[in-house]
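So the chains spell out like this:
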Amino acid sequence: MKSLLHLAAATALAVNSVTAHYIFQQFTAGGTKYPPWKYIRRNTNPAWLQNGPVTDLASNDLRCNVGGGVSNGTETITMKAGDEFTFTLDTAVYHAGPVSLYMSRAPGAVADYDGSGPWFKIYDWGPTGSSWPLRISYTYNIPKCIPDGEYLLRIQQLGLHNPGAPPQFYISCAQVKVTNGGNTTPSPTAPIPGAIKSTDPGYNINIYNANLNNYVVPGPRVPK
Ligand SMILES: [Cu+2]
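Residues numbered from 1 in each chain as written. Predicted model: local features only at pLDDT ≥ 70, side-chain atom pairs only at ≥ 80, totals over all residues.

- If you look the protein up in an unreviewed UniProt entry, it shows as lytic cellulose monooxygenase (C4-dehydrogenating) from Achaetomium macrosporum.
- Here the protein is described in UniProt, under the heading Catalytic activity (unreviewed entry), as follows: "[(1->4)-beta-D-glucosyl]n+m + reduced acceptor + O2 = 4-dehydro-beta-D-glucosyl-[(1->4)-beta-D-glucosyl]n-1 + [(1->4)-beta-D-glucosyl]m + acceptor + H2O." (UniProt positions renumbered as here; feature names shortened; annotations may be inferred.)

**Some details on the overall build of the protein**
Phase 1 of the analysis: Tallying secondary structure elements over the protein gives three helices and nine strands in all.
Phase 2 of the analysis: Ordered by position from N to C terminus, the α and β elements of the protein give α-β-β-α-β-β-β-β-β-β-β-α.
Phase 3 of the analysis: For the C-alpha atoms alone, the extent of the protein along its principal axes is close to 70 × 40 × 30 Å.
Phase 4 of the analysis: Looking at the protein as a whole, 34% of its 224 residues qualify as buried.
Phase 5 of the analysis: A fraction of 76% describes how many contacts in the protein between residues 6 or more apart in sequence connect residues 24 or more apart. (Helix = DSSP H or I, 4+ residues; strand = E, 2+ residues; numbered from the N terminus. Buried ≥ 20, exposed ≤ 12 C-beta atoms within 10 Å, placed from the backbone. Contact = placed C-beta atoms within 7 Å.)

**Considerations on the sheet that holds strand 5 (residues 99-105)**
Phase 1 of the analysis: Spatial ordering of the open sheet is given by 3-9-8-5-6, a layout of five strands whose pairing is mixed. The open sheet has two edge strands with one neighbour each: strand 3 (77-80) and strand 6 (120-125). Neighbour-to-neighbour, the strand axes of this sheet turn through a mean angle of 35°, independent of strand direction.
Phase 2 of the analysis: When strand 3 meets strand 9 (residues 168-179), the two strands line up parallel, connected through four bridges. Bridge pairing in strand 9 places I77 opposite V176. (Pairing = 2+ DSSP bridges. Axes fitted to C-alpha atoms, helices over the stretch in contact; angles between N-to-C directions.)

**Notes on the environment of I146**
Phase 1 of the analysis: Considering the arrangement of structural elements, one finds I146 in the loop between strand 7 (137-141) and strand 8 (149-159).
Phase 2 of the analysis: Between the C-alpha atoms of I146 and Q50, which are 96 residues apart in sequence, the distance is 32 Å.
Phase 3 of the analysis: Every residue in contact with I146, bar those within four places of it in the chain, is listed here: A81, V178, G181, G182, T184 and P186.

**Some words on the UniProt feature "domain: Auxiliary Activity family 9 catalytic" (unreviewed entry) in the protein**
Phase 1 of the analysis: Here, the residues flagged by UniProt with the feature "domain: Auxiliary Activity family 9 catalytic" (unreviewed entry) are residues 21-211.
Phase 2 of the analysis: End C-alpha to end C-alpha, residues 21-211 measures 27 Å, and it is 4% helix and 31% strand.

**Brief notes about the sheet that holds strand 2 (residues 32-33)**
Phase 1 of the analysis: Strand order in the open sheet made by the four strands is 2-1-4-7, with antiparallel pairing throughout. Each edge of the open sheet carries a strand with a single partner, namely strand 2 and strand 7.
Phase 2 of the analysis: By the bridge criterion, two bridges tie strand 1 (residues 24-29) to strand 2 in an arrangement that is antiparallel. Following the sheet pairing, T28 is matched in strand 2 by K33.

**Digging into the nonpolar core**
Phase 1 of the analysis: Counting 43 residues, the largest nonpolar core has F27, M103, Y151, L152, L153, A174 and V176 as the members making the most contacts within it.
Phase 2 of the analysis: Put simply, the parts of the chain that give this core at least two residues each are strand 1, helix 2 (61-64), strand 3, strand 4 (84-89), strand 5, strand 8 and strand 9.
Phase 3 of the analysis: With seven residues, strand 9 is the single largest residue contributor to this core.
Phase 4 of the analysis: Sequence-distant contacts of F27, that is, excluding residues within four places in its chain, are made with Y34, K38, Y39, I40, I77, F85, F87 and A174. (Core = buried A, V, L, I, M, F, W, Y, C linked by C-beta atoms within 7 Å.)

**As for unusual backbone geometry**
Phase 1 of the analysis: For the bond from S187 to P188, the omega torsion is 10°, close enough to zero to count as cis.
Phase 2 of the analysis: Mapped onto the elements of the fold, P188 is located in the loop between strand 9 and helix 3 (201-204).
Phase 3 of the analysis: For the peptide bond that leads from I192 to P193, omega is 0°, which places it in the cis range.
Phase 4 of the analysis: If you check the backbone angles, N72 has positive phi at about 55° while not being a glycine.
Phase 5 of the analysis: A positive phi is found at N180, a non-glycine position, where the angle reads about 55°.

**Some points on the confidence of the model for the protein**
Detail in the predicted coordinates should be disregarded across regions flagged by low pLDDT.
Phase 1 of the analysis: Overall, the predicted model of the protein reaches an average pLDDT of 92, with 91% of residues at or above 70.
Phase 2 of the analysis: Between residues 1-17, whose pLDDT stays under 50, and residues either more than four places distant or in other chains, the model counts one contact. (pLDDT = per-residue confidence, 0-100.)

**Here's the deal with the environment of G68**
Phase 1 of the analysis: For G68, the position within the fold is in the loop between helix 2 and strand 3.
Phase 2 of the analysis: Residue classification places G68 among the buried positions, given that 26 C-beta atoms sit within 10 Å.
Phase 3 of the analysis: A C-alpha to C-alpha distance of 22 Å links G68 and I136, two positions 68 residues apart in sequence.
Phase 4 of the analysis: Each residue touching G68, except ones within four places of it in the same chain, is listed here: R41, N43, R63 and C173.

Right under this line is the structure:
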């Protein structure tokens, strides 16, 4: 009996350590922090896996997380090009690694878009010295020059904390309608999956014995 109880306790601990990750779940724009999942697609994982990572470099889940290829009731927020936004997590990021922002323009309504078109990167938070940008929220701006239209706005944190095991992608996508934009079509672009390869130095690095001053965040470069 005692050993059974111990087994149950050990199993509970194991499940807890699996659930102890994090997810971008709240979007802020125009000074308003909206409820979780109002403008961000919610993944279709069971509750205990909701804030877990995606690790398959070839999976479409790399776009907007598991089940994130459909809107599933997510609303679309209207923002002006240049406006500031913030993604906030349930728990501050604590696995070492970079954070990147990407966008992909929907051919029509973003609510109907699966993210299968080209993606461009709008920002990277890389390491500073030997420390990584581990935060509870990340703030940036919609680029001023991009064309009006509806976009998936994607944030990705790449957990590089376990060299030898597959790096972990923590991903969420917001649905944004951009107005007052320009007429620059950003490049370079890359498909997702495909933007990051297993041979990319910034992906397969052992962060504990590398010179992080030379670190290059994987994915397409941010357009000038
Ligand atoms: Cu984790």
